Amino acid sequence: MGKRMQEAIKKYSAIQEKNRLGGGIKHIERQHSRGKLTARERIEILIDPDSFNELGSFVGTTSRRIDGRIPEAPCDGAIIGSARVNDRLIMIHASDFTVLGGSAGTQHLVKFARPLEMAAMWGIPMVNLLDSSGGRLGYQDVAMAGLDWHFRLQSLYSGVIPQITVLMGPCIAGGAYLPTLCDFLLMSRISANMWLGGPRQTEAATSEKIDRNIGGADYHMQLSGSCDAVGQDDEETIKKCRELLRYLPQNFREKPPKWEIIDGVDREVGEMAKIVPDEFNQTYDMHEVIKQLVDGGEYLEIKDEYAKNLITCFCRFNGEVVGLVANNPKYPGSILEINSCDKYYRFLQVLDAYNIPLINLLDTPPVVPGETEEAKGLIRHMGKIVDVFSTTTVPKISIVLREAYADAGSMIMGGFKSMGADLTYAWPIARFAVEASQLDYRKVYGKGIEKDAYESYLNRSREKVDVYDAAHSWTAQVIDEIILPKDTRKKIIEALEITRNKKERLPARAKIHGSAPV
């Protein structure tokens, strides 16, 4: 080996060693004191051992301070590369908070956007491990220049490859759009915050003082609905990302990976009839039903603390990944409202984008209107579900356990086959109706109505149609078959097998999308 090569290798090793320390020991210790991991520690938890192929490791900052000086910034605070998770390739971007607070300068932003383009070309998921103070203010860079490029790329490649953000630090102002443009957002409870205007910015602009917890993981899970999963700390949140990736395909052209079969195809679920009460006014927890049905009782719930009257989760039947949506009578009476409509709409969009079959478990009374819900646009939100259910082309299988009332059960949850469900089954106790109310309309309308209106019209809306009456007329297009509770799992697996090669094309459009209510 010649002297020139020896010197080049020595320089290579020195830069690599410096990069591994990021902003230095002092900043690493400060990061750990806040209960946070470094960017490289986070990557190691996410990926399969020794699988990281780093790119752009010799990039430095070109950001000049106002006084003209250029600071030390290994990798410009952005670590990128490909790796394997569960032996499948992904692309990673990790912001390094030990380097200038993870702030985004020119080189950082290019390292942010370019990997997304590469991931889309290669057909592999994009994972952002985000911990950034935002734009690099106080420098000669144009603040946030390049982030607009990244937003456009996120939108262009939405539904092309899975995009996931794991947020483990601050995410402020314009940068807060990034996580919400992804397919999934996971947040660390102890360190993640997301605001358009943080506490200081809000107080400066409006004099309003807001608590730091506003914008935290629980806030965005329980109230705004922006968060899909919460981990207690960095490690737990990243491990949830690893688990989520197991349910997703590499890109829109593929189907999700088939898992090892760990449960019997013909396993009966005799406990179902004990879990679900015969009396319609008695509640139960639908989670217990799901545990009985799915492979190994395992599922990954999305937005578990948001709109808890509707469950959205990934699970498996005979090793095949599905998205499962279920009413939960435990909260409150499984009634659909604005938040649950948004939750369903978003989940179904993801399923359709990535070729994941939909299983609906129905037990819902009708939507209950009221001044507050109507003012927020209840009709628009219900219309969104009608639109997305009708235009979704993946296999759609519905099971009516007890009740499927009015627009909530019959249209939105696919209780009526004519809405586009491929197969609709119902238990022997199931019933259908326009509404569940037992209210005497004569007390509401007073004495000014026609004498026969109550019996001939107003009282008809709460008549319950027995499942056997519904099944009697095939032309009614309500259900395909009545099934026994113990056979529910077996029938779902059969339905998935039957619909596996489903091909459905929407009517030709000049654009690839319609104009749904928003």
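Everything quoted here is computed from the prediction, not taken from an experiment.

A.B. asks: Mind laying out the overall build of the chain, listing which residues take part and the relevant values?
C.D. replies: The helix and strand inventory of the chain stands at 19 helices and 18 strands. When burial is assessed residue by residue, the chain has 51% of its 518 residues classed as buried. Counting only contacts in the chain whose residues sit at least 6 apart along the sequence, the fraction spanning at least 24 positions is 74%. Summed over all atoms, the accessible surface of the chain reaches about 24300 Å², with 53% contributed by carbon and sulfur.

A.B. asks: An account of the pairing of strand β4 (residues 126-130) is needed here, citing residue identities and associated values.
C.D. replies: With five of five residues buried, β4 lies mostly within the body of the structure. Neither face of β4 is left uncovered, since the one carrying Met126, Asn128 and Leu130 and the one carrying Val127 and Leu129 both have all their residues buried. Strand direction decides the pairing type here: strand β3 (residues 88-95) and β4, joined by four bridges, are parallel. Among the inter-strand pairings, Ala94 is bridged to a residue of β4, identified as Leu129. Summarising the sheet, β4 and strand β5 (residues 163-167) pair through five bridges and their orientation is parallel.

A.B. asks: Break down the nonpolar core for me, with residues and values.
C.D. replies: Counting residues in each nonpolar core, the largest one holds 61 residues, and the members touching the most others are Leu46, Leu129, Ile164, Phe184, Leu244, Phe314 and Tyr344. Here this core gets eight residues from one element, more than from any other, and that element is helix α12 (residues 338-353). If you look at the next biggest cluster of nonpolar residues, it comprises 29 residues, including Val276, Met286, Phe317 and Ile397.

A.B. asks: Give me the side chain of Asn318: which residues, what numbers.
C.D. replies: Assignment of secondary structure puts Asn318 in the loop between β11 (310-317) and β12 (320-327). For Asn318, a relative accessible area of 17% puts it in the buried group. When neighbours within four sequence positions are excluded, Asn318 is seen to be in contact with Lys258, Ile261, Val265, Asp295, Arg489 and Ile493.

A.B. asks: Please set out the confidence of the model for the chain residue by residue, giving values where relevant.
C.D. replies: When the pLDDT values of the chain are averaged, the result is 85; 83% of them are 70 or greater. Averaged pLDDT values over the elements of the chain bottom out at 44 in helix α16 (residues 441-445) and peak at 98 in strand β10 (residues 299-302). Confidence drops under pLDDT 50 across residues 439-446; counting only partners more than four residues distant or on other chains, this segment forms eleven contacts. Contacts from residues 456-461, a stretch scored under 50 in pLDDT, to residues over four places away or in other chains number ten contacts.

A.B. asks: Which residues make up unusual backbone geometry, and what values do they have?
C.D. replies: At Asp50, a residue that is not glycine, the phi angle is positive and equals roughly 60°. Within the fold, Asp50 resides in the loop between α3 (39-46) and β1 (53-55). Take Asp50: its relative accessible area is 81%, and that puts it in the exposed class. Within the chain, Ala307 stands out as a residue other than glycine whose phi angle is a positive 45°. Relative to the helices and strands, Ala307 is located in the loop between β10 and β11.

A.B. asks: Requested: an account of helix α1 (residues 3-20), with residues and values cited.
C.D. replies: With 18 residues, α1 ought to run about 26 Å at 1.5 Å a step, and its terminal C-alpha atoms sit 26 Å apart, in line with that. The positive-phi residue at the C-terminal boundary of α1 is Gly22, with phi of around 55°.

Conventions and cut-offs
Residues numbered from 1 in each chain as written. Predicted model: local features only at pLDDT ≥ 70, side-chain atom pairs only at ≥ 80, totals over all residues. Heavy atoms only, no water. Helix = DSSP H or I, 4+ residues; strand = E, 2+ residues; numbered from the N terminus. Buried < 20%, exposed > 50% of the residue type's maximum accessible area, 1.4 Å probe, protein only. Contact = heavy atoms within 4.5 Å. Areas by Shrake-Rupley, 256 points an atom, 1.4 Å probe, with all protein chains shown as cover. Pairing = 2+ DSSP bridges. Core = buried A, V, L, I, M, F, W, Y, C linked by side-chain atoms within 4.5 Å. pLDDT = per-residue confidence, 0-100. Expected span 1.5 Å × (residues − 1).

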